[in-house]
Amino acid sequence: MMIIRPKKSLGQHFLKDRGIAQRIAKTLSAYCTLPVLEVGPGTGVLTRFLIDEGYDLSVAEIDMESVKYLEQHFPALSGRIHAEDFLKMKLESLYDTKFCIIGNYPYYISSQIFFKVLDYREQVVCCSGMIQKEVAERLAATPGKRISGILSALIQPWYDVEYLFTVSETAFDPPPKVKSAVIRMTRNNRTGLGCDEALYKKVVKTSFNQRRKTLRNSMKPLLGKDCPYYAQPLFNMRPEQLSIEQFIELTLIADKYLKEKEDVARAGENNCLGVK
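Remember, it's a predicted structure, so these values are computed and weren't measured experimentally. (Residues numbered from 1 in each chain as written. Predicted model: local features only at pLDDT ≥ 70, side-chain atom pairs only at ≥ 80, totals over all residues. Heavy atoms only, no water.)

Visitor: Now, about the overall build of the protein: what can you tell me, with residues and values included?
Guide: Helix and strand content of the protein: 11 helices and nine strands. Referenced to the eigenvectors of the C-alpha coordinate spread, the extents of the protein come out at roughly 80 × 35 × 35 Å. In the protein, which comprises 276 residues, the proportion classed as buried is 48%. In the protein, 67% of the contacts between residues at least 6 apart in sequence involve partners at least 24 apart. Side chains of the protein give 39 positive and 32 negative charges; the mean places of these two sets differ by 6 Å. (Helix = DSSP H or I, 4+ residues; strand = E, 2+ residues; numbered from the N terminus. Buried < 20%, exposed > 50% of the residue type's maximum accessible area, 1.4 Å probe, protein only. Contact = heavy atoms within 4.5 Å. Lys, Arg positive; Asp, Glu negative; His and termini not counted. Charge placed at Lys NZ, Arg CZ, Asp CG, Glu CD.)

The structure is reproduced here in C-alpha cells:
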C-alpha cells in the first residue's frame, strides 16, 4: 500500500476530515456543467467527492509521489492529471471555455494562486477552496476593516468573495499552526475599471505600503509631496477605509496629476530647446 507523507517543503497539510471535503466539493454545485480544475489534490480526499459530484474534473499536482498515488487510486482521472506547477501552467492551453478552480491550497502560495486566477478572470467564473483563515478574512474584508489589504482591493473589483466557514487545525495531517477557512470567489459582471488598470494596481500597492497613514502621506512615493489634489477629502482617509469605487476614483486623480506633471515637464524641455 502506497503511503504519502506530507512534505514541509511543499507546504502540504493533507485534509483528513471527509465531511469538510464534501462541503468544499459542494461549493461549486451551481457550476456543475463547467469543467473544474483541482489544484494540489494530494492524496485525493477532496478529489473523491468532486468525482462523486460528477464534475468534469482535472487536477494539477506538482508532487510526483502524489501523482503516482492519484494514478493508482483514481482511474477516472486517467489523462487528466497534470504533473505541473499550477503557477506556471498556461491555462488557456487546457481550457478554451469557462471553468472553475478548487482546492485545499498550500498556504504559502495562496495569494499567488488568486493573482493567477485574476489573470484568467474572463474564463474562471468561480474559485473556491481552503486557505489560511487570516488570508480568507483579508480577501473577503469590506471597507473599514483593518484586515483589508492589497489582495482584497485587487480581487474584489472582479469577484464577489464569500467567507463560507472556518476549519479547525485538527482536520489536517499534520495539523497546521493556524486555523483555516473555506472561501468562494464568484465572477461578477464588471467588464472594466474605468481607469488605467496597471495604475490602479500601483495605486493600491503604494497606498497599502504605509497602511497606517492617510493617503496624503502614503501616496507621496507615487505622487510626490506637492500634489495639489491632497486637499481633497479622499486623501484624509486610510487605504483600508476605501471602497473599490473610491480606489478607482483615487486612480483617476493620480492619472490626471501624473499626466499634468508630464505636460509641465515636456513644456519645460521644449522651452529649453527653443521649441514653440
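Visitor: Outline the side chain of Thr-251, listing residues and values.
Guide: One can find Thr-251 in helix 11 (residues 244-273). Not counting residues within four places of it along the chain, the set of residues in contact with Thr-251 comprises Cys-195, Asp-196, Leu-199, Tyr-200 and Val-203.

Visitor: Give a description of the pattern of salt bridges that names residues and reports values.
Guide: Under the criterion given, the structure shown has 11 salt bridges. Across the pair Glu-162 and Arg-184 runs a salt bridge whose closest N-O atoms are separated by 2.9 Å. On the criterion of sequence distance, the pair formed by Glu-162 in strand 7 (residues 159-167) and Arg-184 in strand 9 (residues 180-187) is long-range, its members being 22 residues apart. Between Arg-190 and Glu-245 there is a salt bridge, with the nearest N and O atoms lying 2.9 Å from each other. Taken together, the positions of Arg-190 in the loop between strand 9 and helix 8 (197-208) and Glu-245 in helix 11 put the pair 55 residues apart, joining distant regions of the chain. On the basis of relative accessibility, which here comes to 22%, the residue Arg-190 falls in the partly exposed class. Given the relative accessible area of 48%, Glu-245 is considered partly exposed. Residues joined by salt bridges that share partners form a network here, namely Arg-121, Glu-122, Arg-187 and Glu-197. (Salt bridge = Lys/Arg side-chain N within 4 Å of Asp/Glu carboxyl O.)

Visitor: Got a sec to walk through the packing of aromatic side chains? Specific residues and values, please.
Guide: What the rule picks out here adds up to six aromatic pairs. On the numbers, 5.9 Å between centres and 35° between planes, the contact of Phe-208 with Phe-247 is tilted. On the criterion of sequence distance, the pair formed by Phe-208 in helix 8 and Phe-247 in helix 11 is long-range, its members being 39 residues apart. Both residues of the pair, Phe-208 and Phe-247, count as buried. (Phe/Tyr/Trp six-rings, centres within 6.5 Å; stacked < 30°, edge-to-face > 60°.)

Visitor: Residues and numbers for the environment of Lys-205, please.
Guide: When you line up the elements, Lys-205 lands in helix 8. When the C-alpha atoms of Lys-205 and Phe-165 are compared, they prove to be 28 Å apart, with 40 residues separating the residues in sequence.

Visitor: Provide a residue-level description of the pairing of strand 6 (residues 124-132), including the pertinent values.
Guide: The side chains of a regular strand alternate between both faces of the sheet. Within strand 6, nine of the nine residues are buried, which leaves it mostly tucked inside the rest of the structure. Note that strand 5 (residues 99-104) and strand 6 share six bridges and pair parallel. Note that in strand 6 the partner of Ile-101 across the bridge is Cys-127. Taking the sense of rotation as the criterion, the β-α-β connection linking strand 5, helix 5 (residues 110-119) and strand 6 turns out right-handed. (Pairing = 2+ DSSP bridges. Right-handed = clockwise from strand over helix to strand, strands pointing away.)

Visitor: So what's going on with the nonpolar core? Which residues, and what values?
Guide: Among the nonpolar cores identified, the biggest contains 56 residues, and Ile-101, Met-185 and Tyr-200 are the most heavily contacted of them. Within the second largest apolar cluster, 32 residues are counted, among which are Ile-20, Leu-28, Leu-46 and Val-67. (Core = buried A, V, L, I, M, F, W, Y, C linked by side-chain atoms within 4.5 Å.)

Visitor: How would you explain helix 6 (residues 133-140) if you had to name every residue and give the values?
Guide: Of the positions making up helix 6, those classed as buried are Val-135, Ala-136 and Leu-139. Along the long axis of helix 6, the arc covered by the buried residues comes to 100°, so they all point the same way. Elements in contact with the buried residues of helix 6: helix 5, strand 6, helix 7 (150-155), strand 7 and strand 9. (Arc of directions from axis to C-beta.)

Visitor: Please provide a residue-by-residue account of the sheet that holds strand 4 (residues 81-82), values included.
Guide: Overall, mixed pairing links the seven strands, which are arranged 4-3-2-5-6-9-7 in an open sheet. In this open sheet, the two strands that pair with only one neighbour each are strand 4 and strand 7. The sheet contact formed by strand 2 (residues 35-39) and strand 3 (residues 56-60) spans five bridges and is parallel. By the bridge assignment for strand 3, Glu-38 is matched with Val-59. Where helix 1 (residues 18-25) meets the sheet, it contacts strand 5, strand 6, strand 7 and strand 9, and its direction lies at approximately 165° from that of strand 7. (Axes fitted to C-alpha atoms, helices over the stretch in contact; angles between N-to-C directions.)

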